[in-house]
Amino acid sequence: MLMSIRNVKKNFHHTQVLKDVSLNVKKGDVVAIIGPSGSGKTTFLRCLSFLEQADGGEMDFNGRTLSLASASKKEIAAVRKQTAFVFQNYNLFANKTALENVTVGLVSGHGMARDKAKKVALAALQKVGMADRADYYPAHLSGGQQQRVAIARAIAASPDVILFDEPTSALDPELVSEVLQVMKELAQEGTTMIVVTHEMKFAREAATHVVFMADGVVVEEGRAEEIFTAPKEERTRRFLQYILPEEYAAAVLI
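The notes below deal with the structure included here.

1. Section: the overall build of the protein chain
Check the secondary structure of the protein chain and you find ten helices and ten strands. Radius of gyration (C-alpha) of the protein chain: 18 Å, near the 18 Å computed for a compact globule of 254 residues. Taking the principal axes of its C-alpha atoms as reference, the protein chain extends roughly 55 × 45 × 35 Å. Within the span of the protein chain, comprising 254 residues, buried residues form 50% of the whole. Summarising the internal contacts of the protein chain: among those between residues at least 6 apart in sequence, 62% fall at separations of at least 24. Surface accessibility of the protein chain: about 12200 Å² in total, with carbon and sulfur atoms responsible for 48%.

Shown next, in the form of structure tokens:
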């Protein structure tokens, strides 16, 4: 098992956002986390990368066990070197070109020599179809192009796991497909990913494992085919009926 997360808890003031959430991820898995807004999906993902500090829970990652509530700075740095995070809103440096945005983390975060980092960054941009925009600044790129640069930045360091937080939610509808295509190609290559998404087609076609969350808990999880064709829980069925009423109306009657 590459990553085993157990009993993650998180409170915001007096609201319990995560209630004992657990998840196992094997190398090569594409885990799609779906569910209604406010279910705790993004908070869970941010706790895994220590962008939020959990109030409880443990994670086994690459043979190391650490507390999500009290990990040391050294432990957090080690996890971040082995993971990458793709944000909803790209989080690119406005004053740096696409190439510089990919290169900077390799140099400052991974200690890579600048010449080598530039070669690696160019290869990553090529992989996502953005090599011809290497010298463009974010302001001169579309939202879809900016997100592809962000994905290039994530894959450049060859992380063990890439965490995607609703990577298409800030995009205009016509730009969504170009980002999802890059993610599908990564999935086909065996890249381990945990993806919080509202894109049900992507979850069904690309995910090896689907997790349905609601009200801060994992309601149901399983293979994509199981979740999308024969969900066991009433809460899952109601969600699918609401999101895709025509296609999944039959699932509600199972």
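On we go.
2. Topic: the pairing of strand β3 (residues 30-34)
In terms of burial, β3 is largely enclosed, as five of its five residues are buried. By the alternation rule, side chains of β3 split into V30, A32 and I34 and V31 and I33, which are all buried. Relative to strand β9 (residues 209-214), β3 runs parallel, the two sharing four bridges. Across the sheet, residue A32 finds its bridge partner in β9, namely V210.

3. Examining the nonpolar core
I151, F164 and F228 are the most contacted members of the largest nonpolar core, which has 53 residues in total. The contacts of I151, once residues within four sequence positions are left out, are V86, V128, F164, V179, V182, M183 and L186. Ranked by size, the runner-up nonpolar core spans 32 residues in total, among them V31, L48, L66 and F85.

4. Notes on the packing of helix α3 (residues 98-108) against helix α5 (residues 143-156)
Running from N to C, α3 and α5 cross one another at 25 degrees; their axes reach a closest spacing of 9 Å. Put simply, α3 runs roughly parallel to α5. Read as a crossing pair, α3 and α5 show a hand that is right-handed. Contact residues: α3 offers A98, N101, V102 and L106, while α5 offers V149, A152, R153 and A156. The class makeup of the residues in the contact of α3 with α5 is six nonpolar, one polar and one charged.

5. Some points on the sheet that holds strand β1 (residues 3-12)
Reading across the sheet, the four strands line up as β2-β1-β4-β5 and stay open at both edges, with antiparallel pairing between neighbours. Among the strands making up the open sheet, the edge pair consists of β2 (15-25) and β5 (64-67). Going across the sheet, the axis of each strand differs from the next one's by a mean of 15 degrees, ignoring polarity. Note that β1 and β2 share seven bridges and pair antiparallel. The partner of K10 across the bridge, within β2, is L18. The strands touched by helix α1 (residues 41-48) are β1, β2 and β4 (56-61); relative to β1, the strand with the most contacts, the crossing angle is about 120 degrees.

6. Side note on the side chain of T197
Turning to its location among the elements, T197 is positioned in the loop between β8 (193-196) and α7 (200-206). For T197, the side chain forms a polar contact with the main-chain nitrogen of E199, separated by 2.8 Å.

7. Some words on helix α2 (residues 73-82)
Where α2 is concerned, the buried positions are I76, A78 and V79. For α2, the angular spread of the buried residues around the axis is 160 degrees, confining them to a single face. The exposed residues of α2 that point more than 90 degrees off its buried face are K73 and K74. At its buried positions, α2 is contacted by α1, β4, β5 and β6 (83-86).

8. What about the packing of aromatic side chains?
If you walk through the whole model with that rule in mind, you get two aromatic pairs. Relative to F239, the ring of F212 has its centre 5.0 Å away and its plane inclined at 40 degrees; by these criteria the two rings are tilted. Of this pair, F212 sits in strand β9 while F239 sits in helix α9 (residues 234-243), and the two are 27 residues apart along the sequence. Take F212: its relative accessible area is 0%, and that puts it in the buried class. The exposure class of F239 is buried, given its relative accessible area of 5%.

The rules we used
Residues numbered from 1 in each chain as written. Predicted model: local features only at pLDDT ≥ 70, side-chain atom pairs only at ≥ 80, totals over all residues. Heavy atoms only, no water. Helix = DSSP H or I, 4+ residues; strand = E, 2+ residues; numbered from the N terminus. Rg over C-alpha atoms; globule rule 2.2 N^0.38 Å. Buried < 20%, exposed > 50% of the residue type's maximum accessible area, 1.4 Å probe, protein only. Contact = heavy atoms within 4.5 Å. Areas by Shrake-Rupley, 256 points an atom, 1.4 Å probe, with all protein chains shown as cover. Pairing = 2+ DSSP bridges. Core = buried A, V, L, I, M, F, W, Y, C linked by side-chain atoms within 4.5 Å. Axes fitted to C-alpha atoms, helices over the stretch in contact; angles between N-to-C directions. Parallel < 35°, antiparallel > 145°, perpendicular 65-115°, else oblique. Left-handed = near helix turned anticlockwise from the far one by under 90°. Nonpolar A, V, L, I, M, F, W, Y, C, P; charged D, E, K, R; others polar. Polar contact = N/O pair within 3.5 Å; in protein donor to acceptor, adjacent residues only side chain to side chain. Arc of directions from axis to C-beta. Phe/Tyr/Trp six-rings, centres within 6.5 Å; stacked < 30°, edge-to-face > 60°.

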